[in-house]
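Read off the chains here:
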Amino acid sequence: MSEPKSEWRARLALVLVMIGLTVPASAAWNNPYPEAERTANILYAAFNERPKHLDPARSYSENEYAFIAQVYEPPFQYHYLRRPYALVPLTATAVPRPIYLDKSNRRLPPTAPAGAIAYSIYEIKLRPGIRYQPHPAFARDERGQPLFQSLDAATVRRFNTIADFPRQGTRELVAADYIYQIKRLAHPALHSPILGVMADHIVGFKDYARTLAAAWRKLAAAGADGAYLDLTRFPLAGVEEVDRYTFRVKIHGKYPQFLYWMAMPFFAPMPPEADRFFSQPGMAQKNLTLDWYPVGTGPYMLTVNNPNRQMVLERNPNFHGELYPADGEPGDAVAGLLKDAGQPLPFIDRVVFSLEKENIPYWTKFLQGYYDRSAVPNESFDQAVRVGGSGDTEVSDEMKARGISLLTSVQTSTFYLGFNMLDSVVGGYGERARKLRQAISIAIDMEEQIAIFRNGRGIAAQGPLPPGIFGYKEGQAGVNPYVYDWANGRAERKPIEAAQRLLAEAGYANGQDATGRPLLLYFDTAATGPEQKARLDWLRKQLQKLNVQLVVRATDYNRFQEKMRKGDAQLFEWGWNADYPDPENFLFLLYGPNKKVGGEGENAANYDNPEFDRLFERMRNMDNGPERQRVIDQMVDIARRDAPWAWGLHPMQFSLQHAWVSNVKPNNIANNTLKYMRIDPQRRAVAREAWNRPVVWPIAAVMALLVAGVMPAVVSYRRRELRSQRQPNG
Amino acid sequence: MLAYLIRRLLYAVPILLGVNLLTFALFFFVNSPDDMARIQLGVKRVTPEAIAQWKAERGYDKPLVYNDKAAGLQRVTDTIFYRHSLRLFAFDFGRSDEGRDIGYDIRQRMWPSLAIALPTFLVGVLAYVTFALILAFFRGMYLDTVGVVVCVILMSVSALFYVIGGQYLASKLLHLVPISGYGGGVDAFKFIVLPVVIGVVSGIGGNTRLYRTFFLEEIGKDYVRTARAKGLSEARVLFRHVLKNALIPILTGVVVVIPLLFIGSLIMESFFGIPGLGSYTIDAINSQDFAIVRAMVFLGSVLYIVGLILTDFSYTLVDPRVRLS
Amino acid sequence: MPIQFVFLWTDALIYVLLAVVSVFVVYAVRHEHLRAPWSQVARRPLAMGALVVLLAYVAIGLLDSVHYRERLAKQDQYAAEVKSLLDTLLQPLRTRTERTYSAPFAIHAFTSETVDKPDGTRERAYPRLKYGGAHLATADERAGDIGRRTARALGTAVLVWLLALGVFVYWRRLPGDDYRAAVMRFIRGGERIPWRTIWATTGVLLLVLSCGVYLSPYYHVLGTDQVGIDVLYKSLKSVRTGLVIGTLTTLVMLPFALVFGVAAGYFRGWIDDVIQYTYTTLSSIPGVLLIAAAILSLQVYMATHPESFDNVVVRADTRLLFLCAILGVTSWTSLCRLLRGETLKLRELDYIGAARALGVTSARIMTRHLFPNVMHVVLITVVLDFSGLVLAEAVLSYVGVGVDPSMESWGNMINGARLEMAREPMVWWTLAAAFVFMFGLVLAANLFADAVRDAFDPRLRR
C-alpha cells in the first residue's frame, strides 16, 4: 500500500519543481504567455468581447471581421496602401466592369444613362489553384468517399472541437462556392443582416428567400434534428455559373456600389461540404457550427476558439501565395512600407488574441511589451502622445525611448447627436423647429467635447460625410454655414449669442416659451455607466448655455432601441461606420424611405425631405465625378439647413506599435490586414525582459516589519511563562 | 441519517421551485423576448421577421405560463415557463440566447473559478484562524490591542480598494505577476497568486476579529480553567481544547459557502479577466442573456442548499453529541 | 415665499427615521434596562469619539436632505432645479467648475490644451485654472498663500474650540468648584463620560472644517474631476447617499423582519413553515442577481412612465430608494432568522405562558412582551449592518446596479477612478477622496457598533 503514496509524493515533487521552473529568477515573472513562445513568430492581440458570429453570412461588426476577414476571401479586396481606397482582385483575376442591359436584356453601351439601364451583370473570373484550409469537412477515405459527412449523433458526441477530428482534407476553390454563399444570404435560419438590401438588388432574390423559407418550414415540420437545406437544389435567377471558375451576378438597374459589397465577407466562398458537415445531427449541440468554426481560403485559419480566454489564428498551409503589394501612395516607400514588396504573404506564423475586457490591463500589458499594438486609451493620452503647437502629434518622449511609434487617421465614421424629426418639440420642418435645432447645434460645442473626452482625437463634422469619402470638402468650401463662420483661416463655431438669437426667433426667448414655462428637452441614451456620467454632465452644461434644461433619460440598451424604433426619443446619439467608401453609404442615413419608424431603416432621425430624397435617388447611381459632387453639395446643404442632426464628429484613430512591428498602415475600410504585418520576435524578447524586472524588496520589507512587530510579544510571553512556572499559583 | 438527508432534499424542491418562479417573473417581465432577440441580432439592419424567427427558434413565442390554444397537459407544458424553467431541475440548462450550450460553458468555466476561489477559501480560513489564535494567545497584550485595531481598520476599507491597489502595486509597479488573464495547467499559478492574496487580505479584518471572539468565548469557559489548573501549558490549552470547540461556530459560517465556491467571485474575476463563472454571470447580466442568468441563479440556489445540508453534517463530525434526526 | 420645499421620498423617510430615533432616545432614557447598556456605551472613549465623527457625517447628510426650489427673480415661478441646503452652503464649490481635471491645490490645468496665443498662433500648454488659485498673480505665490490661509484657519479653529470648551467647562463645573478646579478636573479626565475624547475629536473636526472654509473658496482642495467638478463637493454630496443606503435599507426591511420573525417564532406551525420557506427561498438566490434584476425592472418602469420622472433629482432619488428596498429584501432574511430563534426561546418563558393562560391576545403579547425583548437583537444587527451596506453600495455601483449614475456616491467615484488610475501621471485624488471619506464613516460606524454590541449582547457581557 505504500506505492501509491510514494507515487503521490513524486507527483507533488514534480509539481513543485515545475512551479519553480515557471518562475526562473532572470525571466520576467509577469509574462502572461508560456515561456516556450518567447521568440516565436507570434503576434499578440486582444479582443474585448466574444464575437457573436463568425459565419460570413451573419457577421456584420468590426470585432468579428477582425477574425473572419483573415480567413474568408471575397472576390475583391481593398488595396492595402493606395488612397483613395481602391478595389483590387483577391481571388478574382480582375475587378470586372459591369455589363448593362435594358428591359429586354439587350446590351447597352457603358455610357448609357442610368434610367435606361434595367439590369447590370458582373462576371467574376476566379484564379484557379486556390485551395481551402485543411478541414474535416473535406476529409476523404482511401476510396475517395467523404469521411465525416454522414455521422450519427452518437459519433458526433465524441467530438468537442473541430481539432478532435482525426483526418482533414482540402479542395480547390470553385465558382459554385461563391454562388452557394450568395444563396445562403437568403437562408431563413441565418437572418443575414443584408438580406433586405440584397433583395432589392439581386435579381430574383426576394422570391428566392420566399422559396427557401417555405422549404425550410417543411423541413422543420418534419422535425429532424440537424435538418440540412441543400441550397444547390434551389436555383437562384440572379446568379449563374458560367464554368468551373467563372460566375455572373445579375442585379437590378445600375448600382455601382455592388462591387463594394462583393469585397465584404458576405460574399466570401462557402463550400457546401462545410455547411452539410456542420448540419449533421448533434453538431449544433456541441457548438460545432459554421458560426463558430470558419472554413476559408485565406492566409490564416482559426485553430483555437475559446472566446472565454483566447482565440488563435494560425498560418493556413494551403494559402495560395499572395504577394505584398509593390506600389502605394507617395511617401509609403520612405515610410518603409514597400520594403517587403513582392514577398509572399503572410509574414506572421500565428496570431494570439487574448480576451481583455478592460482598457487598463490592455494598456499596461502593451507598455510591458505583451501586446504588439494598441490604440491610445483616453486616460493615457498625455502619457503616450505629445501634441505640437500646430496640432501635429507625435509620441511622447517616454514612448519614444521604448521605440513606440504612432499612426493616426480619420475614421470613415460619423457620430452625431440626432433630433427625432417626428417629435412635437424638436421635430418638424417649420421655421420654429428648424431654428431651435440650429440653435442647439451651435450650442453643443463639439470641439470642446473632442478636446475633453477624446483628447482632440476627432474632427467636428460639417455634414454627414467624413473625410476620405467622395463628396467631402476640405476647408472653407466645406464649412457648415449654419453653425460655423469662416474666420482666421479656419472654421469657428458661431458665438453663443447667435444661438440665443435663433432660440428667441424660435419662440423660446431665454429658454422659455410664450407662457414662461422653461423649455425642457430630453436626451435619450443607453449610456448608463458611471464612465458616461461625465459626458452627460457636459451635455447638460451645453444646453444650460441657452438656459434650456436637458433631462437625461437613461435606460438600458433594449428600451433605448425600442424608443428609437417607435420614434419616442427626442435627442439621441447615434453613429455610423462606413460599410464601403461611397457617399451613398452615409447619405442614405437621411433618406426618407429609410426611416427608422415605419421603415425599420437606418435613418434614426426619421428625416424626410422630398427634395433630398429626389436628389439621393439620382446621386446613388452616379459614377464619381463633378456632376455627382454637385448633387452631393445640394443634398448636404439641404440637410445642414434642416439640421436633423446636430452634426457630431468624425473620430480619429491613434494607434501605437512597438519597434518590432512593421508594415503597418492604417486602413479604415479593409479588415484583412494581418497578412501584411511583420514582427521581429528576437527584439521583442529582449525588450520584454528589460522592461519587466521584478521588484521584490517591498515584499521582504513588509515581512520583516511583521516579524519585528510580533517578536516583542513572543519575547514577553516567554518571560511571563517562565515567571508563572516559577510561582505556580500566581 | 439517510431519512434526514432524503427529507432535506425533498424540502429543497419547493424552495428551488420558488426560486425559479421568482427569477422567471423578474426576468421575463423585465425583458420581453423581443428585446432579447434584438440584443442577439445586433444593431444594423434588423427586420421584424428576423425577430419573429429568432423567437420561434427558441420557443419564446409561446405563452408565458398557460397555453389556452393547446390541449390537455400541453396547456401547461407548451409554455415558456415549463420549457425554459422547469427543465433546470434535470440540470438541463439548455442553450443560451446566443445559441451556445450553457451546460458546456458552465463545465468549462467552473475550473478557473475554482482555481481562484478554492485557494482563497483554504488559505483564507487557515490564515484567519491562525491570526485569531495568535491574537487570542497574546490577549491582553499590546499585540492583541494593535491587532484588533488593525482588523477594524482593514475591515473599514472597501474591497474595491484592495483590488485596485493590489493590482496597481503588484502588477504595474513591481512587475511580479501578469496584470490580468488566465492560463491552464502550471501556467495558472502566476495568474492565481494575486487574486488569491487580495481575496485573503480583504477578508482578514472581519474574519480574524470574528474568530477571535469565538476563541475568547471558549477561553472564558470553565473547562479551560480546569485544563489550565491541571498544569497544561497555554499553547496546549489553546490548541487541544479551545481550537476544537471554537470550530463549531466557525464551521457554521464556513461550510455553507464551500459549494458556492464553484460560482466564483464576480469582482475578482472581472477585474483580473479570469474566464470563470463569476465573469460569465456579469457578462450575462450586461448582455441580458436571460437563459444564462436563470441557469446561474438556479445553480447558485442548489449549491446554497447543498451548503446548508453539508453544514448540518459537519456538526456531527465535530461534535458527536449532535445527532441528525 | 422665496422658496418652495420639495420632499423627496428619501427625505421623507429620513425625517421618519429621525423621529423614530428621537422617540427611541426618549424611551431609552426613561427605562432603566435600556439606559444601563447605553450608558455603558457612553463610557467608552473610542465609541464616543466615533459617535462625534458619525454625528458630523449625519449633519452633512441632514443638510443635504432639505430640498427646495428657488423662486426666480423676475418671473412668477420657481426654478426647475432642485437644490438642497447643502448645495446652497457649498454654492461656491458647486458653481466653480473647471474644464477638466486639476490636481489638489493646483492653479494650472492637469492636461495640456491647445490655446490661441494673442499673435494668432496656437500652442499646446497647461492653462491657468478658471477658479483654482485665480487670485494669485504667479505660481510662486502659491505656497505662501496656502500657508497663510492655513495658519489663519488653524488659529480661528483653535480660538473657537477654546471658547466653546471654556463655556462647556463652566457649565459642567460642580457646585462649589472654582473655574480653575473645573479645568483641572476636565484635563485629568476620569469622568464617567469621556469628555476629553469627545472634545479632542470635535477639535480635530473643527480644524478640518476651518481649513475647508478658509481654503476651498480659493483652491480646489481635493482637485477636480474629469468635467471639472470639485471633488470635495462630490465627496460631501456622497455622504448622504452612503448614509441613506446604510440606514434606510434597515428602516425599510425592519417591519418585515420584525413581524415575520416574531410571528414565526411565536405561532410556529404552518405560519412558521411559510415564513421559513419564504426566507430560505429568498436567501438562496444570489443577492447580486436579485438586485440586478430588480434594478433593471425599475429602469423599465421609469422608461415607460417618463412623465413621473421628469426631473434628474427625482429619478435618482427613486432609484436610490428602490435600491434600499431591494437591499432590504436581500438582507432581512438573516435578521428574521435571528428573531425567530430568539422568540422561540422567549415564548417558553414562564411569564409569556402565564399571559397566554390569562387569555391575553396574541397581538398584545407580541407587542407588549416579545417586541421589547428582542430589541437588542435588532439594534445590534442594525448597527453592524450599517457599515456593510455602505461598502456594498460601492461594489454594486461597480457591477452597474448601484445608485443612479447621475447621483454622487462613493461607489460611482471609485468606479470612475479606476480609469483615472491608469492615467499617467496618475489622477489619484478622486480615489483618495472617496477612500478617506468612506473610510472615516465606516471606521466610525464599526467602532461604535462594537461598543453597542458589547453593551447589548448578553453573551459577551462579563
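Residues numbered from 1 in each chain as written. Chains lettered and ligands numbered in written order. Predicted model: local features only at pLDDT ≥ 70, side-chain atom pairs only at ≥ 80, totals over all residues. Heavy atoms only, no water.

## Let's talk about the overall build of chain B
Okay, so step 1: If you tally the helices and strands in chain B, you get 14 helices and zero strands.
Okay, so step 2: Secondary structure elements of chain B, listed N to C terminal, follow the sequence α-α-α-α-α-α-α-α-α-α-α-α-α-α.
Okay, so step 3: Counting over 325 residues, chain B shows a buried share of 56%.
Okay, so step 4: Counting only contacts in chain B whose residues sit at least 6 apart along the sequence, the fraction spanning at least 24 positions is 70%.
Okay, so step 5: In the structure as shown, chain B presents an accessible area of about 13700 Å², 69% of it carried by carbon and sulfur atoms. (Helix = DSSP H or I, 4+ residues; strand = E, 2+ residues; numbered from the N terminus. Buried < 20%, exposed > 50% of the residue type's maximum accessible area, 1.4 Å probe, protein only. Contact = heavy atoms within 4.5 Å. Areas by Shrake-Rupley, 256 points an atom, 1.4 Å probe, with all protein chains shown as cover.)

## Some thoughts on the overall build of chain A
Okay, so step 1: Helix and strand content of chain A: 21 helices and 25 strands.
Okay, so step 2: Across its three principal axes, chain A shows a C-alpha extent of roughly 110 × 85 × 60 Å.
Okay, so step 3: By the burial criterion, 56% of the 730 residues in chain A qualify as buried.
Okay, so step 4: Put simply, 70% of the contacts in chain A that link residues at least 6 apart link residues at least 24 apart.

## Some remarks on the packing of helix α14 (residues 362–399) of chain C against helix α15 (residues 410–421) of chain C
Residues and elements named next belong to chain C.
Okay, so step 1: At a closest axis distance of 7 Å, the pairing of α14 and α15 adopts a crossing angle of 45°. Between α14 and α15, the angle falls in the class oblique. α15 is crossed by α14, and the crossing has right-handed handedness. The segment α14 lies against α15, with Val390, Glu393, Ala394, Ser397 and Tyr398 engaging Trp410, Gly411, Asn412, Ile414, Asn415 and Arg418. (Axes fitted to C-alpha atoms, helices over the stretch in contact; angles between N-to-C directions. Parallel < 35°, antiparallel > 145°, perpendicular 65-115°, else oblique. Left-handed = near helix turned anticlockwise from the far one by under 90°.)

## Digging into the interface of chain B and chain A
Okay, so step 1: Counting from both sides, the interface comprises 58 residues of chain B and, opposite them, 64 residues of chain A.
Okay, so step 2: Summed over both sides, the interface between chain B and chain A buries roughly 5200 Å², with carbon and sulfur atoms accounting for 51% of that surface.
Okay, so step 3: A:Arg50 is the partner of B:Asp105 in a salt bridge, and the nearest nitrogen-oxygen pair spans 3.7 Å.
Okay, so step 4: Listed by contribution, the elements that provide at least two residues to the side of chain B that touches chain A are α2 (33–41), α3 (48–58), α6 (102–137), α7 (142–155), α8 (159–173), α9 (188–219), α11 (234–255) and α13 (277–286) of chain B.
Okay, so step 5: The element that contributes the greatest number of residues to the side of chain B that touches chain A is α2(B), accounting for six residues.
Okay, so step 6: Across the side of chain B that touches chain A, the residue classes tally to 28 nonpolar, 14 polar and 16 charged. (Buried area = accessible area lost by both parts, 1.4 Å probe. Salt bridge = Lys/Arg side-chain N within 4 Å of Asp/Glu carboxyl O. Nonpolar A, V, L, I, M, F, W, Y, C, P; charged D, E, K, R; others polar.)

## Concerning helix α16 (residues 429–456) of chain C
Okay, so step 1: The end-to-end C-alpha distance of α16(C), which contains 28 residues, comes to 40 Å, matching closely the 40 Å that a straight helix rising 1.5 Å per residue would cover.
Okay, so step 2: Along α16(C), 22 of the 28 residues are buried, which leaves the element largely enclosed by surrounding structure. (Expected span 1.5 Å × (residues − 1).)

## Thoughts on the pairing of strand β16 (residues 413–419) of chain A
Residues and elements named next belong to chain A.
Okay, so step 1: In terms of residue burial, β16 counts as a mostly covered element, since six of its seven residues are buried.
Okay, so step 2: Alignment of β16 against strand β22 (residues 571–577), held across seven bridges, turns out to be antiparallel. Looking at the pairing, Leu417 lines up with Glu573 of β22.
Okay, so step 3: Where β16 and strand β23 (residues 645–657) come together, three bridges link them in antiparallel fashion. Directly across from Phe415, in β23, lies its bridge partner Leu649. (Pairing = 2+ DSSP bridges.)

## Description of the state of the cysteines
Okay, so step 1: Evaluated as defined, the whole model comprises zero disulfides over all chains.
Okay, so step 2: As a non-bridged cysteine, C:Cys324 has C:Cys336 as the owner of its nearest cysteine sulfur, 20 Å distant. (Disulfide = S-S within 2.5 Å.)

## Notes on the sheet that holds strand β1 (residues 3–6) of chain C
Backbone-to-backbone hydrogen bonds join strands into a sheet, with any given pair of strands oriented parallel or antiparallel.
Residues and elements named next belong to chain C.
Okay, so step 1: A sheet is described by the order of its strands in space; here three strands give the open sequence β1-β2-β3, paired in antiparallel fashion. Every interior strand has two partners, whereas the edge strands, β1 and β3 (83–84), have only one.
Okay, so step 2: As paired elements, strand β2 (residues 67–70) and β3 share two bridges and run antiparallel to each other. Across the sheet, residue His67 finds its bridge partner in β3, namely Ser84.

## Description of the domain arrangement of chain B
Residues and elements named next belong to chain B.
Okay, so step 1: Split into domains, chain B comes out as domain 1 (2–90) and domain 2 (111–318).
Okay, so step 2: Between domain 1 and domain 2, the C-alpha centre-to-centre distance is 36 Å.
Okay, so step 3: Listed per partner, the contact involves 22 residues of domain 1 and 17 residues of domain 2.
Okay, so step 4: The contact between domain 1 and domain 2 buries some 1700 Å² in all, and 74% of this surface belongs to carbon and sulfur atoms. (Domains from an automatic or database assignment.)

## Quick look at the sheet that holds strand β11 (residues 350–355) of chain A
All names here are of chain A.
Okay, so step 1: With respect to topology, four strands assemble into an open sheet ordered β1-β11-β10-β9, the strand pairing being mixed. The strands lining the two open edges of the sheet, one partner per strand, are β1 (42–47) and β9 (300–306). The sheet shows a mean angle of 20° between the axes of neighbouring strands, taken without regard to direction.
Okay, so step 2: As defined by bridge partners, β1 adjoins β11 across six bridges and the pair is classed as parallel. Each residue of the ladder has a partner; that of Ile42, found in β11, is Arg350.
Okay, so step 3: Where helix α2 (residues 62–71) meets the sheet, it contacts β1, β9, β10 (310–315) and β11, and its direction lies at approximately 140° from that of β9.

## Overview of the pattern of salt bridges
Okay, so step 1: Taken as a whole and judged by the stated rule, the model has 63 salt bridges over all chains.
Okay, so step 2: Where A:Glu123 meets A:Lys125, a salt bridge forms, and the shortest distance between an N and an O atom there is 3.3 Å.
Okay, so step 3: Linking C:Arg340 and C:Asp272 is a salt bridge whose minimum nitrogen-to-oxygen distance equals 2.7 Å. Here the residue C:Arg340 occupies a position in helix α12 (residues 312–347), and C:Asp272 occupies one in helix α10 (residues 269–284), the gap between them amounting to 68 residues. Judged on exposure class, the residue C:Arg340 and its partner C:Asp272 are both buried.
Okay, so step 4: Put simply, A:Glu431, A:Arg434, A:Lys435, A:Glu505 and A:Asp642 are held in one network by salt bridges that share partners.

## A closer look at the environment of C:Asp140
Okay, so step 1: The topology assignment puts C:Asp140 in the loop between β5 (122–125) and α6 (141–172).
Okay, so step 2: The spacing of C:Asp140 and C:Ala182 is 42 residues in sequence and 48 Å in space, taken between C-alpha atoms.

## A short note on the interface of chain C and chain B
Okay, so step 1: Counting residues at the interface gives 42 residues for chain C, matched by 38 residues for chain B.
Okay, so step 2: Carbon and sulfur atoms supply 76% of the area that chain C and chain B bury against each other, a total of about 3700 Å² over both sides.
Okay, so step 3: Inspection of the region where chain C meets chain B yields one salt bridge.
Okay, so step 4: Two residues, B:Arg209 and C:Asp450, come together in a salt bridge whose shortest N-O distance is 2.4 Å.
Okay, so step 5: The interface formed by chain C and chain B contains four residue pairs in polar contact (both at pLDDT 80 or more).
Okay, so step 6: Mapped by element, the contributors of at least two residues to the side of chain C that touches chain B are α10, α11 (287–304), α14, α15 and α16 of chain C. (Polar contact = N/O pair within 3.5 Å; in protein donor to acceptor, adjacent residues only side chain to side chain.)

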